[in-house]
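# Close look at the chain arrangement
Listed below are the residues making up each chain.
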Amino acid sequence: AGAYNGHLFALDAATGDLQWEFPTADGADGAADGKIVGSPTIAGDVLLVPTDGGTLFFLDRQTGETLRTFDADGQLWSAPRVEGDTAYLASLAHTVYAIDMASAEQRWSTDLGFAIADSPTLEGGTMLAGILGDALVALQSGTGDELWRAPSQGWLWGSPAVVDGQAVFGDVFGTVYALNLAAGQLP
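These notes cover the structure that comes with them.

Reading guide: rules and limits
- Residues numbered from 1 in each chain as written.
- Predicted model: local features only at pLDDT ≥ 70, side-chain atom pairs only at ≥ 80, totals over all residues.
- Heavy atoms only, no water.
- Phe/Tyr/Trp six-rings, centres within 6.5 Å; stacked < 30°, edge-to-face > 60°.
- Buried < 20%, exposed > 50% of the residue type's maximum accessible area, 1.4 Å probe, protein only.
- Pairing = 2+ DSSP bridges.
- Helix = DSSP H or I, 4+ residues; strand = E, 2+ residues; numbered from the N terminus.
- Axes fitted to C-alpha atoms, helices over the stretch in contact; angles between N-to-C directions.
- Salt bridge = Lys/Arg side-chain N within 4 Å of Asp/Glu carboxyl O.

## So, the packing of aromatic side chains
- Under the defined criterion, the tally for this structure stands at 6 aromatic pairs.
- Measuring from centroid to centroid gives 6.5 Å for Trp 155 and Trp 157, while their planes differ by 25°, and the two rings are stacked.
- Given a relative accessible area of 42%, Trp 155 falls into the partly exposed group.
- Arranged with centres 4.9 Å apart and planes meeting at 15°, the rings of Phe 169 and Tyr 177 form a pair that is stacked. For the residue pair Phe 169 and Tyr 177, the accessibility class agrees, reading buried in each case.

So, in structure tokens, the structure goes:
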């Protein structure tokens, strides 16, 4: 469980006992750059922990030891998504990243022009990201190339869902959209 005070807690699921604790903040005072807003993501034996200071921690899931880190531009408020050997990460600084899981090296990054407040969605080689610029953006997950951009009436704060070849998402005004995933258009 990640906390806004800049600490990550691993608890035993059966007993609730604390297994380990990891401080993500730089200072003992819980400095702002280590606060955890987005959920940690489990990928096998690795735990990926985003912080609002822009650091993505790769931790050993059993011990909480730091394996490696990735520094993004801007705050990370969303949970990373993992597919195969790649982690996909969105930042409030308008950028989506593809990161090699083994080395924490950037494979590609794409600036979407607006903040991304929630996790991207992955489906069949396509990555979908809602932006605080009134659109859903589809990228080719292997390269980061933009496939399409579908406008909405308001900001997209949540992650889109994919159902039967359609991207389903809602904007902050309460409008719900269902778009053809391949074309980014209404069916």
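## A few points about the sheet that holds strand β8 (residues 86–90)
- With respect to topology, 4 strands assemble into an open sheet ordered β7-β8-β9-β10, the strand pairing being antiparallel. Single-partner strands in this sheet number two, and they are β7 (81–83) and β10 (106–111). Neighbour-to-neighbour, the strand axes of this sheet turn through a mean angle of 15°, independent of strand direction.
- Bridge count between strand β9 (residues 95–100) and β10: 5 bridges; the pairing is antiparallel. Each residue of the ladder has a partner; that of Tyr 97, found in β10, is Ser 109.

## Structural notes on the pairing of strand β16 (residues 166–170)
- Residues Ala 167 and Phe 169 point to one face of β16 and are all buried, whereas Gln 166, Val 168 and Gly 170, pointing to the other face, are not buried.
- Direction of pairing for strand β15 (residues 161–163) relative to β16: antiparallel, over a ladder of 3 bridges. Its bridge partner being in β16, Val 162 is matched across the sheet by Ala 167.
- Here β15 hands over to β16 after 2 residues, with Asp 164 in that stretch at a positive phi of 50°.
- As paired strands, β16 and strand β17 (residues 176–180) are joined by 5 bridges and run antiparallel to one another.

## Remarks on the pattern of salt bridges
- Counting across every chain of the model gives 3 salt bridges.
- Two residues, Arg 107 and Asp 85, come together in a salt bridge whose shortest N-O distance is 3.1 Å. Of this pair, Arg 107 sits in strand β10 while Asp 85 sits in the loop between β7 and β8, and the two are 22 residues apart along the sequence.
- In this structure Arg 107 comes out as partly exposed when scored by relative accessible area, which is 38%.
- For Asp 85, a relative accessible area of 45% gives the class partly exposed.
- The salt bridge partner of Asp 100 is Arg 107, with a shortest N-O separation of 2.3 Å.
- Residue classification places Asp 100 among the buried residues on the basis of a relative accessible area of 16%.
- Among the charged side chains, a network of salt bridges with common partners joins Asp 85, Asp 100 and Arg 107.

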